[in-house]
Amino acid sequence: MKQGLFELISNEKIAKDVYRMVLCGDVSAITAPGQFVNIKLEGRFLRRPISVCDLDGSADRLTLVYKTVGGGTRQMAEMTPGAVLDLLSGLGNGFDVERSGARPLLVGGGVGTPPMLLLCRRLVARGARPIAVTGFGSADEVFLSDELRDAGAEVIVATMDGSAGVKGLVTDAMTGLEYTYFYACGPEAMLRAVDAAAPESVAGELSFEERMGCGFGACMGCSCETKYGAKRICKDGPVLRREEIIW
Amino acid sequence: MADTRVTLCGIELDNPIIPASGTFGYGVEFAELYDINILGSFSFKGTTREPRFGNPTPRIAETSGGMLNAVGLQNPGVEAVVSRELPELAKVFRKPVMANVCGFSTDEYAEVAAKLSESEQVGWLEVNISCPNVHEGGLNFGATAAGAAAVTRAVRTATKKPVIMKLSPNVTDITEIARACEAEGADGLSLINTLLGMRIDIRRRRPVIANVTGGLSGGAIFPVALRCVWQVYRAVKLPIVGMGGVESAEDVVEMMLAGATAVGVGAANLTEPFACKRIIEELPAVMERLGIKNLREITGGAHNG
Ligand SMILES: Cc1cc2nc3c(=O)[nH]c(=O)nc-3n(C[C@H](O)[C@H](O)[C@H](O)COP(=O)(O)OP(=O)(O)OC[C@H]3O[C@@H](n4cnc5c(N)ncnc54)[C@H](O)[C@@H]3O)c2cc1C
Ligand SMILES: Cc1cc2nc3c(=O)[nH]c(=O)nc-3n(C[C@H](O)[C@H](O)[C@H](O)COP(=O)(O)O)c2cc1C
Ligand code: FES
């Protein structure tokens with residue numbers, strides 16, 4: 001973990017209530033896709049945890065994609081280039097790309113989709129051919145499809161109202177797919193459904209959210225019980241292996 | 001040269017800064033960030049006889065200028081602390097540590113205190129009779145003078161180490177509890193623990209925290225903490241570890257002027273992991289500016305005249 005100042009390079013709306021923020025700063029603490037940063041915002045006591053969406057280490061560039069759901073994220077949406085943000089970076093364990101096999105499945109639900117982009121890049125770099133299934137409410141909420149495709153994934157979009165891609169849930173879009181491993185991030189109900197839909201013989205890992213006091217393992221604010229004992233979502237997670245989760 | 005040393009119950013500290021229990025784990029997370037030997041000491045996570053998972057999540061909520069927590073004393077239990085956490089800590093921390101003791105009965109307090117006292121690493125026992133997040137024990141003892149006295153007595157007989165009783169602000173008269181602890185042989189007092197509070201999610205129309213209520217900490221509670229330290233300083237002769245909302249070297253000075261001998265820093269460690277390092281580095285310049293040569297001399301300084 002590192003604490004550092006990042007300069008805002010760009011901040012643009014990419015879908016309904018969803019923004020992409022590119023930051024410049026020391027990204028050296030970020031070692032795996034699926035890790036997150038914790039952002040200090042003026043006038044807010046707690047930092048805001050946001051997943052690493054994309055990373056360009058050589059240019060010190062970090063991309064975040066976030067949805068405005070409350071005061072803090074709305075404040076982020078109003079920031080303009082040149083603004084300086086205080087970040088804790090390199091938080092959490094992240095996804096394990098070594099276990100993917102040749103044909104991993106990436107499942108992102110809503111703002112669980114962002115970490116799938118860097119994950120996809122890392123998997124493709126290792127020679128895997130990922131399939132990305134992303135789920136949204138309707139067409140105006142869909143984001144990152146082109147980026148995932150450009151990064152080398154076969155992309156399948158699902159929307160609840162059928163206004164884009166497959167009509168239904170990510171699990172509807174998963175039917176019939178064959179994959180060697182799965183990675184999922186999204187609302188807990190989606191994670192549970194993905195876990196239930198995946199064949200028992202396929203291993204996988206799922207990324208969880210929890211309200212956080214610190215984000216680096218000090219306060220026990222984010223604990224959950226697993227088959228391997230109590231774990232802190234912020235430090236021992238946010239990614240848990242399929243076999244350790246107690247639903 | 002500004003002298004930041006203070007003496008707490010016979011043990012000298014390089015400076016009065018003590019990260020508060022529950023915000024510093026058992027030290028190792030912060031030792032990865034900076035050399036924690038720069039601290040005066042630190043108080044480790046509240047420890048009970050048995051391992052505890054604590055309360056369901058969400059355990060955390062944000063407030064204006066602070067936060068609520070309802071962790072519920074998650075800890076690995078005293079055996080694991082002695083056999084695993086303390087040896088790990090010894091690799092990164094050379095100074096006496098403050099052991100935060102919790103329990104659900106006077107016997108449990110005594111047993112946990114006795115076990116932790118056996119460790120040479122433990123300098124003081126900080127006895128938490130003020131946790132608002134567990135349903136028995138904790139605040140049940142700290143809410144009445146009789147309860148506080150009973151726990152003080154039990155721990156006093158179980159250890160030779162300095163006993164520091166940690167008091168709650170969620171009481172009618174904190175000085176009455178402080179006097180009861182003093183009468184039973186406590187060596188010091190630490191205050192304040194968190195204030196009981198709650199938040200409601202107005203979209204879901206439900207409390208944010210699964211436990212419904214949680215303990216408020218952070219900058220928002222500094223004036224309440226200061227007032228408690230002020231009152232207790234006037235009521236007893238015991239040294240006080242003052243805490244609650246401390247975020248800067250100026251806050252440390254203010255807390256000491258109210259009557260604190262040492263100063264705890266809690267929630268600030270969570271939002272700003274280098275908070276204690278920064279405060280320690282700021283202290284000499286702030287002392288200089290205020291004309292303070294020896295920090296130990298200012299304790300209770302605002303009570304004169
Ligand atoms: C590991 C992790 C990664 C995340 N990655 C992303 C991401 O890439 N993109 C994205 O849009 N969102 C992400 N989130 C969710 C994001 O943290 C929340 O939407 C955000 O904190 C809301 O802040 P707010 O002030 O707008 O909302 P408010 O509701 O006003 O926030 C109040 C408090 O609740 C906390 N909170 C509210 N919702 C959540 C939540 N879902 N999870 C954790 N804490 C919450 C806030 O941090 C704050 O402390 C992630 C959460 C976690 C835990
Ligand atoms: C997440 C969290 C966990 C805590 N756990 C404990 C504990 O185990 N034992 C204890 O005596 N106090 C505990 N406290 C209280 C703090 O030690 C301190 O008394 C209080 O937070 C006020 O200081 P602050 O405003 O600087 O945080 C906890 C506080 C927080 C925020
Ligand atoms: S948020 Fe503090 S331990 Fe996870």
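Residues numbered from 1 in each chain as written. Chains lettered and ligands numbered in written order. Predicted model: local features only at pLDDT ≥ 70, side-chain atom pairs only at ≥ 80, totals over all residues. Heavy atoms only, no water.

Chemist: Tell me about the overall build of chain B, residues and numbers included.
Modeler: When its secondary structure is counted, chain B shows 10 helices and 15 strands. For chain B, whose C-alpha radius of gyration is 18 Å, the value lies close to the compact-globule estimate of 19 Å for 305 residues. Expressed as lengths along the three principal axes of its C-alpha atoms, the size of chain B is roughly 50 × 50 × 40 Å. Of all 305 residues assigned to chain B, the portion counted as buried reaches 62%. Within chain B, residue pairs in contact and separated by at least 24 positions form 71% of the contacts whose partners lie at least 6 positions apart. Separation of charge centres in chain B, based on 29 positive and 33 negative side chains, amounts to 4 Å. (Helix = DSSP H or I, 4+ residues; strand = E, 2+ residues; numbered from the N terminus. Rg over C-alpha atoms; globule rule 2.2 N^0.38 Å. Buried < 20%, exposed > 50% of the residue type's maximum accessible area, 1.4 Å probe, protein only. Contact = heavy atoms within 4.5 Å. Lys, Arg positive; Asp, Glu negative; His and termini not counted. Charge placed at Lys NZ, Arg CZ, Asp CG, Glu CD.)

Chemist: Mind laying out the interface of chain A and chain B, listing which residues take part and the relevant values?
Modeler: Between chain A and chain B, the contact holds 27 residues from the first and 34 residues from the second. Between chain A and chain B, roughly 2400 Å² of surface is buried when both sides are summed, and carbon and sulfur atoms account for 60% of that area. Our enumeration of links across chain A and chain B arrives at 3 salt bridges. Remark: the boundary between chain A and chain B carries 10 residue pairs in polar contact (both at pLDDT 80 or more). At the level of elements, β14 (223–226) and β15 (229–232) of chain A are the ones that each hand at least two residues to the side of chain A that touches chain B. Looking at which element gives the most residues to the side of chain A that touches chain B, the answer is β14 of chain A, with 3 residues. (Buried area = accessible area lost by both parts, 1.4 Å probe. Salt bridge = Lys/Arg side-chain N within 4 Å of Asp/Glu carboxyl O. Polar contact = N/O pair within 3.5 Å; in protein donor to acceptor, adjacent residues only side chain to side chain.)

Chemist: Describe in detail the packing of helix α7 (residues 222–235) of chain B against helix α8 (residues 249–258) of chain B, supporting the description with residues and values.
Modeler: Residue and element names in this part refer to chain B. As a packed pair, α7 and α8 sit with axes 8 Å apart at the nearest point and diverge in direction by 30°. Taken together, the axis directions place α7 and α8 in an arrangement best described as roughly parallel. Here Phe-222, Ala-225, Leu-226, Val-229, Trp-230 and Tyr-233 of α7 lie close against α8, whose contacting residues are Asp-251, Glu-254, Met-255 and Ala-258. Of the residues contributing to the contact of α7 with α8, the split by class is 8 nonpolar, no polar and 2 charged. (Axes fitted to C-alpha atoms, helices over the stretch in contact; angles between N-to-C directions. Parallel < 35°, antiparallel > 145°, perpendicular 65-115°, else oblique. Nonpolar A, V, L, I, M, F, W, Y, C, P; charged D, E, K, R; others polar.)

Chemist: Go over the domain arrangement of chain A, please, and point to the residues and values.
Modeler: Reports of interface size often rely on the accessible area that becomes lost once the parts have come together. Residues and elements named next belong to chain A. Structurally, chain A comprises domain 1 (2–91) and domain 2 (97–209). On a C-alpha basis, the centres of domain 1 and domain 2 stand 22 Å from each other. Listed by partner, the interface residues are 16 residues for domain 1 and 15 residues for domain 2. With both sides pooled, the region where domain 1 packs onto domain 2 buries about 1300 Å², and carbon together with sulfur makes up 64% of that total. Run the count over domain 1 and domain 2 and you get 2 salt bridges. For the interface between domain 1 and domain 2, the tally reads 4 residue pairs in polar contact (both at pLDDT 80 or more). For the side of domain 1 that touches domain 2, the secondary-structure elements that each account for two or more residues are β1 (2–15), β2 (18–24), β5 (54–56) and β6 (61–67). Class assignment of the residues belonging to the side of domain 1 that touches domain 2 gives a composition of 9 nonpolar, 3 polar and 4 charged. (Domains from an automatic or database assignment.)

Chemist: How would you sum up the environment of Ile-36 of chain B? Please name residues and give values.
Modeler: All names here are of chain B. Along the chain, Ile-36 turns up in the loop between α1 (28–31) and β4 (60–63). A C-alpha to C-alpha distance of 6.5 Å links Ile-36 and Phe-93, two positions 57 residues apart in sequence. Setting aside its immediate chain neighbours within four residues, Ile-36 contacts Phe-24, Gly-27, Phe-30, Ala-31, Phe-42, Leu-89, Val-92 and Phe-93.

Chemist: Tell me about the site of ligand 2, and please be specific about residues and values.
Modeler: Around ligand 2, the surrounding shell holds 23 residues, and the nearest of these are Ser-21, Lys-166, Gly-218, Gly-245 and Ala-267 of chain B. Those chains with residues close to ligand 2 are chains A and B. Between ligand 2 and Asn-100 of chain B, the relevant distance is 3.0 Å, taken from an oxygen atom to a side-chain nitrogen or oxygen of the residue. For ligand 2, an oxygen atom lies 2.7 Å from a polar atom in the backbone of Ala-267 of chain B. If ligand 2 stood free it would expose 600 Å²; the protein chains cover 98% of that surface. When grouped by side-chain class, the residues that make up the shell around ligand 2 number 7 nonpolar, 14 polar and 2 charged. (Near = heavy atom within 4 Å. Areas by Shrake-Rupley, 256 points an atom, 1.4 Å probe, with all protein chains shown as cover.)

Chemist: Which residues make up the sheet that holds strand β3 (residues 36–40) of chain A, and what values do they have?
Modeler: All names here are of chain A. In space, the 7 strands of this open sheet follow the order β4-β3-β7-β1-β2-β6-β5, with antiparallel pairing throughout. Each edge of the open sheet is held by one strand with a lone partner, namely β4 (48–51) and β5. Taking each pair of neighbouring strands and ignoring which way they run, the sheet shows an average axis angle of 35°. With 3 bridges joining them, β5 and β6 adopt antiparallel strand pairing. Bridged to Asp-54 within β6 is Thr-63. Across the face of the sheet, helix α2 (residues 115–125) comes into contact with β4 and β5 while running at roughly 55° to β5. (Pairing = 2+ DSSP bridges.)

Chemist: An account of the site of ligand 1 is needed here, citing residue identities and associated values.
Modeler: Around ligand 1 there are 20 residues in total, and Arg-48, Pro-49, Thr-73, Glu-209 and Arg-211 of chain A lie nearest to it. Near ligand 1, the surrounding residues belong to chains A and B. Between an oxygen atom of ligand 1 and a side-chain N or O atom of Arg-48 of chain A, the distance comes to 2.7 Å. Between an oxygen atom of ligand 1 and a main-chain N or O atom of Gly-72 of chain A, the distance comes to 2.8 Å. Contact with the protein chains removes 87% of the 830 Å² of surface that ligand 1 exposes when unbound. Listed by contribution, the elements that provide at least two residues to the shell around ligand 1 are β4, β6 and α1 (71–77) of chain A. Among the elements that line the shell around ligand 1, the one with the most residues is β4 of chain A, at 4 residues. For the shell around ligand 1, the residue count by class is 9 nonpolar, 5 polar and 6 charged.

Chemist: Can you lay out the sheet that holds strand β7 (residues 122–128) of chain B for me, pointing to particular residues and giving the numbers?
Modeler: All names here are of chain B. If you trace the 7 strands from one edge of the open sheet to the other, you get β3-β15-β14-β9-β8-β7-β6, paired in parallel fashion. Looking at which strands have only one partner, the edges of the open sheet turn out to be β3 (17–19) and β6 (97–101). On average, each strand axis in the sheet is inclined to that of its neighbour by 25°, with strand direction left out of account. Sheet topology places strand β8 (residues 163–166) next to strand β9 (residues 188–191); 3 bridges connect them, and they run parallel. Within β9, the position partnered with Ile-164 by the bridge is Gly-188.

Chemist: Mind laying out the nonpolar core, listing which residues take part and the relevant values?
Modeler: Membership of the largest hydrophobic core comes to 126 residues, with the highest contact counts inside it found for Met-165, Leu-167, Leu-189 and Leu-191 of chain B. Lining this core are residues from two domains, each supplying at least three of them: domain 1 (2–91) and domain 2 (97–209) of chain A. With near-sequence residues (within four places) excluded, Met-165 of chain B lies in contact with Val-127, Ile-129, Ala-148, Val-151, Thr-152, Cys-181, Ala-186, Gly-188, Leu-189 and Ser-190 of chain B. Ranked by size, the runner-up nonpolar core spans 27 residues in total, among them Phe-136, Phe-143, Leu-144 and Val-157 of chain A. (Core = buried A, V, L, I, M, F, W, Y, C linked by side-chain atoms within 4.5 Å.)

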